[in-house]
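Results of the structural survey
Letter by letter, the chains look like this.
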Amino acid sequence: MTCAACVHHVGNALRELPGIVDAQVSLGTETATVEFASRSITKPDVRDALSGAGYSVRSFADEDTSIFADGDRKIREAELKSTRDMMIVSLAVASVVMIAMNYTKVESLADLSTTAVNIFFLVLATPVQFWTGRRFYRSAWAAARLGTSNMNTLVAIGTSTAYFYSVAVTILRPVFEDSLTFSGAAVGGSHSTGTYFDVSASIIGLILLGRWLEGRARGRTSDAIKKLMGLQPSTAVIIRDGEPTEIDIAEVLAGDTIVLRPGERVPVDGEIIEGQTAIDESMLTGEPLPADKQTGDKVFTGTVNGTGAVRFVASAVGRETVLAGIVRMVQQAQSSRAPIEHLVDKVTARFVPAVLLIAILTFATWSFLAPEPAIINALLMTVAVLVIACPCALGLATPTAIMVGMGRGASSGALIRNADALERAHRLDTVVFDKTGTLTEGKPAVSTIEGHGVTNRELIRLAAAAEISSEHPLASAVLLEAKASGIDLPAATNVEANPGRGISATVEGSRILVGSPVYIAEQTSASYEFSELSIVIADRGETVLAVAKDDHPIGLIGVSDIVKREAAQAISDLKSRGIRTVMLTGDNQRTADKVATAIGIDHVIAEVMPDGKTAAISELQREGNVVAMVGDGINDAPALATADVGVAIGSGTDIAIEAADVTITSGDPAVVAELIELSRSTMRTIKQNLFWAFFYNVMLIPIAAGALYPVFSSDSATVPGYLQPIIGEIGFLNPVVAAGAMAFSSVTVVTNSLRLGRGVRNKARRTPPSEPTNIEVTA
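Below is a short write-up of the structure. Residue numbers restart at each chain and count upward from 1, following the sequence in its written direction. For a predicted model such as this one, the threshold for reporting local features is a pLDDT of at least 70, and the threshold for listing and counting side-chain atom pairs is 80 or more; totals across whole chains, interfaces and linings nevertheless cover every residue. Based on all heavy atoms of the structure, the side-chain values leave hydrogens and waters out of the count.

Helix and strand content of the protein: 26 helices and 27 strands. Split into buried and exposed, the 779 residues of the protein put 50% on the buried side. Carbon and sulfur atoms form 57% of the exposed surface of the protein, whose accessible area is close to 33,900 Å². Think of it this way: any DSSP run of H or I at least four residues long counts as a helix, any run of E at least two long counts as a strand, and we number them from the N terminus. The classification of residues rests on relative accessible area computed with a 1.4 Å probe and restricted to protein chains. Under 20% of the type maximum is buried, over 50% is exposed, and intermediate values are partly exposed. Note on areas: Shrake-Rupley, 1.4 Å probe, and residue coverage restricted to the protein chains presented here.

What follows is the structure in structure tokens.
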């Protein structure tokens, strides 16, 4: 596909098939995503429909079981090589014709017949016109069969006009030598042969040069996809007949036992059955520290093994792995279309017919008003109009920027579901955060230990021993603290749980109680100072566990959910961009206020149930705000779906959270500010591209149509020497220059889009704070 008109034709051809619900077509990726309602649609149906529209199917997504899509990549590379070869042939022929045309003026060659020279030119130009230029004819004919047109229609008509006029001159000149004048000062200078084979060959060559440069540049828009794909090893070592055997990754099957050696990347998803190690999963989770792995733990494609050797059973291979899912999600997002692109479609649908009308009027007008030879000048101006108006740049303005923006987001840890979400994000003025798991770690941890007559270590030892059989989150926090401190736990007997209150157990012959301060006060003779201290700890936003031994209180343990160290910086980044921040949580007001004050959030809505969160988002929208909701993607799902942009904070294994528009794989809330900055940069680039595409056509079509002739046709005005190769001596645009300018405009748009791949991350947040954030809130 070459322009927005192609997108329109392909989409229509697919949507006209019975059973098709919708078809989304992307020029940037040259892909179509088809949604169908019945099994009556087959692949041959799709191929036939696109063939009838003048296009062909490279491949179907499900035909390549790997995440590399080698078949499609090789086809693209072959097409690009073919374009390059045809471009070289076309420009070489054009150069030979131009040079030979000048040699006909040399005295030693004056005895050459002009007709003989033209026949030589015809022999050279014909393969260019119908071999290297056949793609333009094929596409134009397919569009004509559908009763429409595209940019290839303009190229085919323009080059055919110059070529067939030259053929007519070559054939008719010997017959009408005395009665017709074929030479003279025409557009682009004097053509003593009266033919313009150089014009048709140059136009085809320059347009192919633009396509080749554009294709190379567009290949870079998928750099993020290539990097993701490159994370999967090409081979794996599996156990066959009891022996390790290295095989190609495509041959690995679910159920195979795989050997993973130190330092290797995990080839497929699976579950460890032997050994233990630590695996760097930062490419999925963003966590800088390796994750400890042992028997029963899962491993994921592309992650890096540490120093341990393990064996695991493959559970997902090829396109079923988590990494393949990420690749697929980014590919689908890059293929989606932003709302602004529909405006371009409407403009392009009317643009080509308008250009054809302008070309007809140009020829009709200048056939009478142009200087001699009037017909030749009118014809070449018509060619210039047709060529320079090709809306390539217009069709590429939006999809190339979207592709690069999506890829940049994936590289930054933000998987954007569709282009619509990327476009909406630039208008956000309010960001609403859930608290637990979004701004906080979501994992209770011991933050305060206050021994009362015993050491802090002894307090944790006895409390953890009593809690060892409990599955309560607060018990888990105490046990983790004991493990981190290297404490050996004694056995506990006579364990009794009092739901909502506490637990009792016999440890080393003593009765140990662990529970709420109220429960312990009921069971013991707790002092006033002990009760007062529990209130102080609770006022800090911590959940208090009291511990007693043989009916005497021995200490207090404060458990809290630690605020993520990136949270304060995330809020600061958003405020620096003029965005209001809100915390929306089901937690109590006091705890929520403490967190909000500590990290700088503007407004707090606390003690809200999940359905209340949806109502709160809707209320903010009714006030005229464009709202993003950032949550963990589970109990926040209704609010995520209601918000203008839903952002799910989750690990790489949970990237398919359906309710969210964006998934932040690292769990870092600071990526939200980067997402908004990326959206703003993308929209800014799209607007720049559209401006230059429209400006280019609006400015140059009138010049190609002869608007400068009245300025330079008078005796008092002459074209400066440096402009004469471009607009001749009287202000008529050279068609060859028009072709070069058209090709240059497309390359400029793609290159401008590639700038998005640099510098959108917020450098300020990458500077670590001088002191680590240590804010604790209730679990």
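On we go from here.
Right, let's get into the pattern of salt bridges. Each salt bridge in this description consists of a side-chain nitrogen of Lys or Arg and a carboxyl oxygen of Asp or Glu lying within 4 Å of one another. Applying the stated criterion across every chain yields a total of 16 salt bridges. Where glutamate 271 meets lysine 298, a salt bridge forms, and the shortest distance between an N and an O atom there is 3.8 Å. Pair noted here: glutamate 271 is in strand 8 (residues 269-274) and lysine 298 is in strand 11 (residues 298-299), with a separation of 27 residues, a long-range link. Exposure remark for lysine 298: the relative accessible area of 47% places this residue in the partly exposed category.

This part is about the pairing of strand 18 (residues 502-507). By the criterion of burial, strand 18 is predominantly enclosed, with 5 of the 6 residues buried. Taken together, the 5 bridges between strand 17 (residues 492-498) and strand 18 define a ladder with antiparallel strand orientation. Across the sheet, threonine 493 pairs through a bridge with threonine 506, a residue of strand 18. As defined by bridge partners, strand 18 adjoins strand 19 (residues 510-515) across 6 bridges and the pair is classed as antiparallel. Across the sheet, the residue bridging to serine 504 is leucine 513, located in strand 19. Pairing between two strands requires that DSSP report at least two bridges joining them. Between strand 18 and strand 19, which follow one another and run antiparallel, lie 2 residues, and glutamate 508 among them has a positive phi close to 55°.

Pairing is antiparallel across the open sheet formed by 6 strands, whose spatial order is 6-5-7-13-8-11. The open sheet has two edge strands, strand 6 (243-248) and strand 11, and neither has a second partner. In this sheet, strand 7 (residues 257-260) lies alongside strand 5 (residues 235-240) in antiparallel orientation, the contact comprising 2 bridges. Along strand 7, the bridge assignment pairs isoleucine 238 with isoleucine 258.

Further remarks concern the packing of helix 6 (residues 151-172) against helix 12 (residues 374-388). Contact geometry for helix 6 and helix 12: axes closest at 8 Å, N-to-C directions at 155°. Taken together, helix 6 and helix 12 sit at an angle that is classed as roughly antiparallel. Of the two possible hands of crossing, helix 6 and helix 12 adopt the one that is left-handed. On the side of helix 6, the interface is formed by Leu154, Ile157, Gly158, Thr161, Ala162 and Tyr165, while helix 12 contributes Ile376, Leu379, Val383 and Leu386. Split into classes, the residues belonging to the contact of helix 6 with helix 12 amount to 8 nonpolar, 2 polar and no charged. Every axis in this analysis is a line fitted to C-alpha atoms, fitted for helices over the stretch in contact. Angles between the N-to-C directions lie between 0 and 180 degrees. Orientation is classified from the angle alone, with under 35 degrees giving roughly parallel, over 145 giving roughly antiparallel, 65 to 115 giving roughly perpendicular, and any other angle giving oblique. The sense of a crossing depends on the near helix, which, turned anticlockwise from the far helix by less than a right angle, makes the crossing left-handed and, turned clockwise, makes it right-handed. We call two residues in contact when some of their heavy atoms are within 4.5 Å. Residue polarity follows a fixed list, in which Ala, Val, Leu, Ile, Met, Phe, Trp, Tyr, Cys and Pro are nonpolar, Asp, Glu, Lys and Arg are charged, and the others, Gly among them, are polar.

A few words on the packing of helix 4 (residues 114-132) against helix 5 (residues 134-145). Between helix 4 and helix 5, whose axes approach to 4 Å, the crossing angle comes to 45°. Judged by the inter-axis angle, helix 4 sits oblique to helix 5. Residues Gln129, Phe130, Trp131 and Thr132 of helix 4 form the contact with helix 5, whose own contacting residues are Arg134, Arg135, Phe136 and Tyr137. Across the contact of helix 4 with helix 5, the residue classes tally to 4 nonpolar, 2 polar and 2 charged.

To continue, consider the nonpolar core. If you look at the biggest cluster of nonpolar residues, it comprises 71 residues, and the most contacted ones within it are Val431 and Val672. For this core, the element with the highest residue contribution is helix 23 (residues 671-704), accounting for 10 residues. Not counting residues up to four positions away in its chain, the partners in contact with valine 431 are Leu574, Ile579, Arg580, Thr581, Val582, Ala628, Val630, Val672 and Ile676. Among buried residues, the Ala, Val, Leu, Ile, Met, Phe, Trp, Tyr and Cys ones that are joined through side-chain atoms within 4.5 Å form a nonpolar core. Counting 51 residues, the second largest nonpolar core, distinct from the first, contains Val128, Val155, Ala156 and Ile388.

Another point: a nonpolar patch on the surface. To count toward a patch, a residue needs a relative accessible area over 30% and no salt bridge; like charges are then connected within 9 Å, while nonpolar side chains (Val, Leu, Ile, Met, Phe, Trp, Tyr) are connected within 5 Å. A surface patch of nonpolar side chains, amounting to about 430 Å² of accessible area, comprises Phe691, Trp692, Phe695 and Met699. On the secondary structure map, methionine 699 appears in helix 23. Methionine 699 gets classed as partly exposed once you look at its relative accessible area, which sits at 41%.

Adjacent strands of a sheet pair through backbone hydrogen bonds, lying either parallel or antiparallel. With respect to topology, 3 strands assemble into an open sheet ordered 10-9-12, the strand pairing being antiparallel. Single-partner strands in this sheet number two, and they are strand 10 (291-293) and strand 12 (304-305). Two strands pair when backbone bridges link them, and strand 9 (residues 277-280) and strand 10 are joined in this way by 3 bridges, in the antiparallel orientation. Bridge assignment links isoleucine 279 to a residue of strand 10, and that residue is alanine 291.

Scope: geometric values only; no functional claims are made or implied.
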